[in-house]
Amino acid sequence: MKHEHKKVLFEPLLENNPILLQVLGICSALAVTTRLAPALMMCVALTAVLVASSVVISMIRHHIPGHIRIIVFVTIISTFVVLVEQVLRAFAFDLANQLSVFIGLIITNCIVLGRAEAFASKHPLLPSLLDALGHGAGYSALLIIVASLRELFGSGTLLGVTILQPVSEGGWYQPNGLMLLAPSAFFIIALLIWAVRSWKREQVEKPEFRISHIAQDDRE
Amino acid sequence: MQESNSTVKKAGPVRRLFALPNEHPVKTIVVALILCLICSVLVSTAAILLKPRQLANEELLGKQREILRAVGRYQAGMNIQAEFSNIETRLVELATGEYVSHINADHYHYARAVADPATRVEIAPEADIARVRAIAKYAPVYLVQEAGETRLIVLPVHGYGLWSTMYAYLAIEVDGRVAGISFYKQGETPGLGSEIANPRWQAAWRGKRIYDDQGTVRLALITAGKRDPDQAEFQIDALSGATITSKGVTHLIRFWLGEQGYGPYLRRHFHVGGGQ
């Protein structure tokens, strides 16, 4: 595999993670991560839509009129989202019910539209495919981490299997109710962003403006 | 770029069209049309091909499995259809409590009947304790038969909680006690209100009385501090941290078992809640 291909594929995992660095796709990362099983299904659904739409957009990129390109992208993305939703409702009824509207909301997921506009519409097929896979994996990795933490500490289970026996079922573990509410996903994602940026300093954003007396101190 | 160069030479009308600059209005319209056509064919093909399977899922997993759960006869991996064959579906006219035979109960679609002005029954806001806004004139009941006799009556009920409409099947013994309940669709707060879907909590419903001797619905969710030992047979523990969801559940029971709901039906056919 060529070096730049490797870069396109692996960079979104950590160096350029769609959630941690680009801070996109947060809505679904909060909503579907109370349990691991629906989160996994969401990862598969999003990656499928991302890969399929990137491939198609990259294939027709020379013929997309500039004025209507966003509409073209959204049409292609929503087609795949509807297909995924129909397939899930036919073959994974319970998970489709648990994910409810969030499969449909992939249409508005900024990661998918973002990759179409920033990458797939400007690059050949293979790099676009790798870029989509990479971003799908980067999104999935984060969703899996957040969902594992929330399910383990919020319900004492992982994929429905009891790990920490809750008090209500005769065990010792007092489940942390906060973990089941959306704010806990904010806290976990924020802590992960903090951890990654402490490790990879280059991800720290430059301040947009400086407060004047601090600027003076900086001059020394 | 190489592609467009080579296409110009072979000047078929299609190729000439695609060789037009992307911003050309004709090409813009043609590209948009082709894209819409392909996408709509894909979407409608998928919808049509998968529809039978989705409907079967809805019937089997969305309805039959949940009814079996409500009557406590569901086990993972069982043949749902075979077990469900002991359950008879009938249609009831809610206002009179009479069975309806001119509509096929197996193919009756409740939500569609609510939307249809001919069968829609608006509920006055002051009487709408379960916040359902409107109900249908006819509603299904599911009768568990054993040796030619009705053993359990399963009623589909719904009402509004804190965030969502909660849907459940309530199974009742012919003597008017609760046999079980299964909340199968709800969007209440995870970990608090959505504990209504927890089988452990649902188990506490079993054996509770619904009507007092005067025929009033007394079954209610009561918070720990307010429980009255004399009324224990009418009281179920409310969910802690979910006051509004618990109230919603109490209200949907009161509504659906009251006069606007299945009250007349239960009184007429099972002498339940009719006063002794």
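Conventions used here
- Residues numbered from 1 in each chain as written.
- Chains lettered and ligands numbered in written order.
- Predicted model: local features only at pLDDT ≥ 70, side-chain atom pairs only at ≥ 80, totals over all residues.
- Heavy atoms only, no water.
- Salt bridge = Lys/Arg side-chain N within 4 Å of Asp/Glu carboxyl O.
- Helix = DSSP H or I, 4+ residues; strand = E, 2+ residues; numbered from the N terminus.
- Buried < 20%, exposed > 50% of the residue type's maximum accessible area, 1.4 Å probe, protein only.
- Polar contact = N/O pair within 3.5 Å; in protein donor to acceptor, adjacent residues only side chain to side chain.
- Contact = heavy atoms within 4.5 Å.
- Pairing = 2+ DSSP bridges.
- Buried area = accessible area lost by both parts, 1.4 Å probe.
- Nonpolar A, V, L, I, M, F, W, Y, C, P; charged D, E, K, R; others polar.

> Got a sec to walk through the pattern of salt bridges? Specific residues and values, please.
Summed over all chains, the structure comprises 19 salt bridges over all chains. Put simply, Arg 197 of chain A and Glu 205 of chain A hold a salt bridge, and the shortest N to O gap is 3.0 Å. Its salt-bridge partner being Glu 66 of chain B, residue Arg 69 of chain B comes within 3.0 Å of it at the nearest N-O pair. Remark: Glu 66 of chain B and Arg 69 of chain B occur in helix α3 (residues 25-70); sequence separation between them is three residues, near one turn of the helix. Overall, Arg 69 of chain B belongs to the partly exposed group, its relative accessible area being 37%. Residue Glu 66 of chain B is classed as buried on the basis of its relative accessible area, which comes to 6%.

> Quick rundown of the side chain of Ser 184 of chain A? Include the residues and the values.
Residues and elements named next belong to chain A. Relative to the elements of secondary structure, Ser 184 occurs in helix α9 (residues 182-199). Looking at Ser 184, its side chain comes within polar contact range of the main-chain oxygen of Leu 178, at 3.4 Å. Among the polar contacts made by the side chain of Ser 184, one reaches the main-chain carbonyl oxygen of Met 179 at a distance of 3.0 Å. The contact partners of Ser 184, leaving out residues within four places of it in the chain, are Arg 150, Leu 178 and Met 179.

> Tell me about unusual backbone geometry, and please be specific about residues and values.
In this structure, Leu 159 of chain A is a non-glycine residue whose phi angle is positive, near 55 degrees. As for its position among the elements, Leu 159 of chain A is in the loop between β1 (157-158) and β2 (161-162). The residue Ala 147 of chain B is not glycine, and still its phi comes out positive at about 50 degrees.

> Tell me about the pairing of strand β1 (residues 87-93) of chain B, and name the residues and values.
Residue and element names in this part refer to chain B. Bridging between β1 and strand β5 (residues 138-146) involves seven bridges; their strand directions are antiparallel. The partner of Val 92 across the bridge, within β5, is Ala 139. Looking at chain direction, β1 and strand β2 (residues 98-100) are connected through three bridges and run antiparallel. For Leu 91, the partnering residue across the bridge sits in β2 and is Val 100. A loop of four residues connects β1 with β2, the two strands running antiparallel in sequence, and Gly 97 in this loop sits at a positive phi of about 85 degrees.

> Which residues make up the side chain of Asp 131 of chain A, and what are the values?
All names here are of chain A. Take Asp 131: it is sitting in helix α8 (residues 125-155). Overall, Asp 131 belongs to the buried group, its relative accessible area being 3%. Contacts of Asp 131, omitting those with residues within four sequence positions, involve Val 8, Arg 115 and Phe 119.

> Explain the interface of chain B and chain A residue by residue, including any values.
Tallying the contact residues gives 27 residues for chain B and 25 residues for chain A. Roughly 2,400 Å² is buried in total at the junction of chain B and chain A, and carbon and sulfur atoms are behind 65% of that figure. Put simply, chain B and chain A have one salt bridge between them. With a shortest N-O distance of 2.6 Å, Arg 65 of chain B and Asp 94 of chain A are connected by a salt bridge. Summed over the shared surface of chain B and chain A, the number is nine residue pairs in polar contact (both at pLDDT 80 or more). Partitioning the side of chain B that touches chain A into residue classes produces 13 nonpolar, seven polar and seven charged.

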